[in-house]
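Close look at the chain arrangement
Listed below are the residues making up each chain.
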Amino acid sequence: MKTNFLQFTWRVTALHTVTYFVAGLFFSQLFNYSSLFDTEILSVYMKPVSSPWVAAGPALNILRGILFGVILWGLKDAFINVKYGWLKLWSVFLGFAVIGTAAAAQGSLEGIIYSELPLMTHLKGLPEVLTQTLLFSVLLLQWYRKPGKVWNILMGVLMGLIVLMSLAGVFLR
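My aim in this report is to walk through the structure given alongside it, one point at a time. Everything numeric in this text was worked out from a predicted model, so none of it was measured. (Residues numbered from 1 in each chain as written. Predicted model: local features only at pLDDT ≥ 70, side-chain atom pairs only at ≥ 80, totals over all residues. Heavy atoms only, no water.)

**Let's talk about the overall build of the protein chain**
Convention followed: Numbering of helices and strands runs from the N terminus; a helix is a DSSP stretch of H or I covering at least four residues, while a strand is a stretch of E covering at least two. Three exposure classes are used, based on accessible area relative to the maximum for each residue type with a 1.4 Å probe and protein chains only: buried under 20%, partly exposed in between, and exposed over 50%. Contacts are assigned to residue pairs with any non-hydrogen atoms lying within 4.5 Å of each other. In these tables, accessible area is a Shrake-Rupley quantity obtained with a 1.4 Å probe, and a residue counts as shielded only by the protein chains included in the view.
Summing up its helical and strand segments, the protein chain has eight helices and zero strands in all. When burial is assessed residue by residue, the protein chain has 38% of its 173 residues classed as buried. Sequence-distant contacts in the protein chain: of pairs separated by 6 or more residues, those separated by 24 or more amount to 72%. By element, 71% of the accessible surface of the protein chain is carried by carbon and sulfur atoms, the whole surface being about 10100 Å².

**Thoughts on helix 5 (residues 85-98)**
Condition: Working rule for helices: expected span equals 1.5 Å times residues minus one.
If you check helix 5, its first and last C-alpha atoms are 18 Å apart, about what 14 residues at 1.5 Å a residue would give, namely 20 Å. Within helix 5 the residues assigned to the buried category are G85, L89, W90, F93, L94 and V98. Check the buried side of helix 5 and you find it contacts helix 4 (52-73) and helix 7 (119-145).

**Description of the packing of helix 4 against helix 8 (residues 149-171)**
To keep things clear, this is the line we draw: Axis angles are defined between N-to-C directions and span 0 to 180 degrees, where every axis is a line fitted to C-alpha atoms and, for a helix, only to the segment in contact. Roughly parallel refers to an angle under 35 degrees, roughly antiparallel to one over 145, roughly perpendicular to one between 65 and 115, and oblique to any angle outside these ranges. Handedness of a crossing follows from how the near helix is turned relative to the far one, being left-handed for an anticlockwise turn of less than a right angle and right-handed for a clockwise one. Three classes are used: nonpolar for Ala, Val, Leu, Ile, Met, Phe, Trp, Tyr, Cys and Pro, charged for Asp, Glu, Lys and Arg, and polar for all others, with Gly counted as polar.
Direction vectors running N to C along helix 4 and helix 8 enclose 155°, while the axes themselves pass 8 Å from each other. Relative to helix 8, helix 4 is oriented roughly antiparallel. In this structure, the crossing between helix 4 and helix 8 has a hand that is left-handed. On helix 8, the residues touching P52, A55, A56, P58, A59 and I62 of helix 4 are M159, I162, V163, S166, G169 and V170. For the contact of helix 4 with helix 8, the residue count by class is ten nonpolar, two polar and no charged.

**Remarks on unusual backbone geometry**
Glycine aside, a negative phi is what most residues show, and trans is what most peptide bonds show. The residue N81 is not glycine, and still its phi comes out positive at about 60°. Tracing the sequence through the fold places N81 in the loop between helix 4 and helix 5. For N81, a relative accessible area of 45% corresponds to the partly exposed category. With a phi close to 60°, Y84 is a non-glycine residue in the positive phi region.

**Describing the environment of P127**
One can find P127 in helix 7. With relative accessibility at 29%, the residue P127 sits in the partly exposed group. Sequence spacing of P127 and F27 is 100 residues, and the spatial spacing of their C-alpha atoms is 7.9 Å.

**Remarks on the packing of helix 5 against helix 7**
Following both chains from N to C, one finds helix 5 and helix 7 inclined at 145°, their axes separated by 8 Å at the closest point. As helix 5 runs across helix 7, the sense of the crossing is right-handed. Contacts from G85, W86, L89, W90, F93, L94 and V98 of helix 5 reach helix 7 at L126, V129, L130, T133, L134, F136, S137, V138, L140 and L141. Tallied by class, the residues present in the contact of helix 5 with helix 7 amount to 14 nonpolar, three polar and no charged.

**Here's the deal with the environment of V54**
With respect to the helices and strands, the residue V54 is situated in helix 4. Residue class for V54 comes out partly exposed when judged on its relative accessible area of 34%. C-alpha separation for the pair V54 and Y20, spaced 34 residues apart in sequence, amounts to 13 Å. Once residues within four sequence positions are removed from consideration, V54 is found in contact with K47, P48 and V49.

**What to know about the nonpolar core**
Among soluble globular proteins, nonpolar side chains are generally buried collectively. Put simply, the rule is: Residues enter a nonpolar core if they are buried and are Ala, Val, Leu, Ile, Met, Phe, Trp, Tyr or Cys, with the set joined through side-chain atoms within 4.5 Å.
Within the largest apolar cluster, 21 residues are counted, with the highest numbers of intra-cluster contacts made by L72, F79, L89, F136 and L140. For this core, the secondary structure elements donating two or more residues are helix 1 (5-30), helix 4, helix 5, helix 7 and helix 8. It is helix 1 that provides the largest number of residues to this core, a total of six residues. Residues within four places of F79 in sequence aside, it is in contact with F8, L72, G85, K88, L89, L140 and L141.

As structure tokens, then:
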């Protein structure tokens, strides 16, 4: 199947934004991020859930999705229309963006080595990131295996709702 750059970037951007929002919403409720981010150790590291920047985050992830689309474009042949392509894509995210990131981020090897965060704090953030990147990887490959207008309509509606909710979160404070 022929893939063009704009279509690929749209799919990556839409799926990243939607899965980021859904995983973030689910895990923020499950792990009570509001109180977790208020703990002494994380309050100096994370903005409070009430911050307008946190509300803007889901919509701003459109930019990150575009970045992912541009970066993954050169790698697409390694995972699109390939057996276990979702696993290959997911392992790229796990290796470079989650566990192996060069920053001392929460949940990364660098973070565990160089930050003052306790190991349990690192581990608490991993379920969200692992779930989001897995959903993204599986759904992107599904979109290529079973393309159709319903994907574009659904993702367009969900992206619109996410942007509107982010704007409401910023301006209705």
